[in-house]
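For reference, the chains in residue letters:
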Amino acid sequence: MLGNRKKYIVNGNSGIKAQIQFADQKQEFNKRPTKIGRRSLSRSISQSSTDSYSSAASYTDSSDDETSPRDKQQKNSKGSSDFCVKNIKQAEFGRREIEIAEQEMPALMALRKRAQGEKPLAGAKIVGCTHITAQTAFPVFAWKGESEDDFWWCIDRCVNVEGWQPNMILDDGGDLTHWIYKKYPNMFKKIKGIVEESVTGVHRLYQLSKAGKLCVPAMNVNDSVTKQKFDNLYCCRESILDGLKRTTDMMFGGKQVVVCGYGEVGKGCCAALKAMGSIVYVTEIDPICALQACMDGFRLVKLNEVIRQVDIVITCTGNKNVVTREHLDRMKNSCIVCNMGHSNTEIDVASLRTPELTWERVRSQVDHVIWPDGKRIVLLAEGRLLNLSCSTVPTFVLSITATTQALALIELYNAPEGRYKQDVYLLPKKMDEYVASLHLPTFDAHLTELTDEQAKYLGLNKNGPFKPNYYRY
């Protein structure tokens, strides 16, 4: 985290807020739901007023403490109550976990050290929806088990602050950007830029740009090489197995699995499952990705062709209604259904909330959905992200993505006026290479350097960038 950042924020997973202390805010967000209402989503977020923008609400799991964090009076070690988390007493334990994680985050630690001297974000007031937590300096509004109402309340508490206004947005899914766009559009007059990490959020930004409604420059971190390859491919290659093991304790050998989508996430999932002895099928709409799947040894099918026989269905598309009620009705008994794509719209979970079907909570993040004839499917995380809800994300990957986001913030914040228009931009190639280079010492890796003659022959600068923007890694 960069020394002098002023404000950060919220997500159903986690978030951070300001270094500035505020007076206690008495604002009401809407009529609060009942305790029962908070523990279950009142409607699918894909059907809500935020339909076109939302990436996820939150997953509601059972807890020994039935009291909502919004009803608790808590203070941190500094005496501040400008936060809302489930249990502030866990902060010390969380700090120890962070200290362990820092050992696997070489680039972020290097960037932090650099920021202490240069202060590249001095004066920045960053409001963000991301996966970062801290007890001091950054008030947090987030907890596991938020309802949809809680989720938007947390975001509003970070945005609607008396005497403070953000000048940068760090988003992961587009929810924060949408909320400001919808509720506080005048804030964009002072916002210098948006950094967006997810495929869903980037898609919405391009929609706004095409419609001429994007008010500020935006940096597309999702399509940076470091994000695509390391977060989407290598991270998901590990977290898919972790999430399935934690929730189902299943063996993978011999299991028939269909992976919907063969982008970077799908490639990672398929590679991991194949290595464990699973029989893997792939569905794909893109002929190039489809051909890659075939060349990698996977059978390309339509979902309808294998839905009755597979043991596991995994969605990795970022699209909506990939697995419909018709598919769910045809699945075999005990079929496991989960989502690794960004949005919670890939599996039509809303269609399962009908009187004839029975929902049975097995354990945290695991539900049986039971048909009248006794058939049941195993639904993980109610169709939300398996890797964020049911497993851990490798810290080394977080270092890569967080460093990329931080550099994007620095670039947009310090860019001279006129460099970036009201459009969506890719991260400069030089920054991608810099992020990668900061992680190489972990492996005791030594880069070969071009000679002057070689650099001239290739028409390159000896220090990079080494590939054109159109290069596909």
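Our subject is the structure listed above.
Residues numbered from 1 in each chain as written. Predicted model: local features only at pLDDT ≥ 70, side-chain atom pairs only at ≥ 80, totals over all residues. Heavy atoms only, no water.

## Brief notes about the overall build of the protein chain
Now for step 1: Looking only at helices and strands, one finds 15 helices and 13 strands in the protein chain.
Now for step 2: Buried positions account for 53% of the 473 residues belonging to the protein chain.
Now for step 3: Counting contacts in the protein chain only where the partners sit at least 6 residues apart, residues at least 24 apart contribute 71% of the total.
Now for step 4: If you sum the accessible surface of the protein chain, you get close to 22400 Å²; carbon and sulfur atoms cover 51% of it. (Helix = DSSP H or I, 4+ residues; strand = E, 2+ residues; numbered from the N terminus. Buried < 20%, exposed > 50% of the residue type's maximum accessible area, 1.4 Å probe, protein only. Contact = heavy atoms within 4.5 Å. Areas by Shrake-Rupley, 256 points an atom, 1.4 Å probe, with all protein chains shown as cover.)

## Points about the pattern of salt bridges
Now for step 1: Summed over the entire model, instances satisfying the criterion amount to 19 salt bridges.
Now for step 2: Lysine 229 serves as the salt-bridge partner of glutamate 264, at 3.4 Å between the closest nitrogen and oxygen. Of the two residues, glutamate 264 is situated in helix H8 (residues 264-275) and lysine 229 in helix H7 (residues 225-248); the sequence distance between them amounts to 35 residues. Both residues of the pair, glutamate 264 and lysine 229, count as buried. (Salt bridge = Lys/Arg side-chain N within 4 Å of Asp/Glu carboxyl O.)

## Points about the nonpolar core
Now for step 1: Judged by nonpolar contacts, the single largest core of 31 residues is most densely connected at Ile240, Leu244, Ile314 and Met340.
Now for step 2: Secondary-structure elements contributing two or more residues to this core are H7, strand E5 (256-260), H8, strand E6 (279-283), helix H9 (287-295), strand E8 (312-315), strand E9 (336-339) and strand E12 (376-380).
Now for step 3: By residue number, the principal contributor to this core is H8, which donates five residues.
Now for step 4: Those residues in contact with isoleucine 314, other than ones at most four positions away along the chain, are Ile240, Leu244, Val257, Val258, Val259, Cys260, Leu273, Cys338 and Met340.
Now for step 5: Within the second largest apolar cluster, 29 residues are counted, among which are Cys129, Trp152, Ile169 and Ile180. (Core = buried A, V, L, I, M, F, W, Y, C linked by side-chain atoms within 4.5 Å.)

## As for the packing of H7 against H8
Each pair of packed helices can be described by the angle between their axes along with the distance between the axes.
Now for step 1: Their axes nearest at 7 Å, the elements H7 and H8 cross at an angle of 35°. Note that H7 runs across H8; the crossing there is right-handed. Contact residues: Gln228, Lys229, Asn232, Leu233, Cys236, Arg237, Ile240 and Leu241 in H7; Glu264, Val265, Lys267, Gly268, Cys269, Ala271, Ala272 and Leu273 in H8. (Axes fitted to C-alpha atoms, helices over the stretch in contact; angles between N-to-C directions. Left-handed = near helix turned anticlockwise from the far one by under 90°.)

## What about the sheet that holds E8?
Now for step 1: Read across the sheet, eight strands follow the order E7-E6-E5-E8-E9-E12-E11-E10 without closing on themselves; strand pairing throughout is mixed. Only two strands of the sheet have a single neighbouring strand rather than two, namely strand E7 (299-300) and strand E10 (358-363).
Now for step 2: In this structure, E6 lies alongside E7, joined through two bridges in parallel fashion. Its bridge partner lying in E7, valine 282 is registered against leucine 300. (Pairing = 2+ DSSP bridges.)

## What to know about the pairing of E8
Now for step 1: Residues Ile312 and Ile314 point to one face of E8 and Val313 and Thr315 to the other, with burial holding for every one of them.
Now for step 2: As defined by bridge partners, E5 adjoins E8 across four bridges and the pair is classed as parallel. From the neighbouring strand, valine 258 faces E8, where its bridge partner is valine 313.
Now for step 3: Here E8 pairs with E9 via four bridges, running parallel. Within the sheet, the bridge partner assigned to isoleucine 314 lies in E9 and is cysteine 338.
Now for step 4: Read from E8 through helix H11 (residues 325-330) to E9, the crossover connection turns out right-handed. (Right-handed = clockwise from strand over helix to strand, strands pointing away.)

## Focus on the environment of leucine 273
Now for step 1: Its location among the elements puts leucine 273 in helix H8.
Now for step 2: Accessibility expressed as a relative area gives 0% for leucine 273, which makes it buried.
Now for step 3: Note: C-alpha distance between leucine 273 and valine 259 (14 residues apart in sequence) is 9.9 Å.
Now for step 4: Once residues within four sequence positions are removed from consideration, leucine 273 is found in contact with Leu241, Phe252, Val257, Val259, Ser278, Val280 and Ile314.

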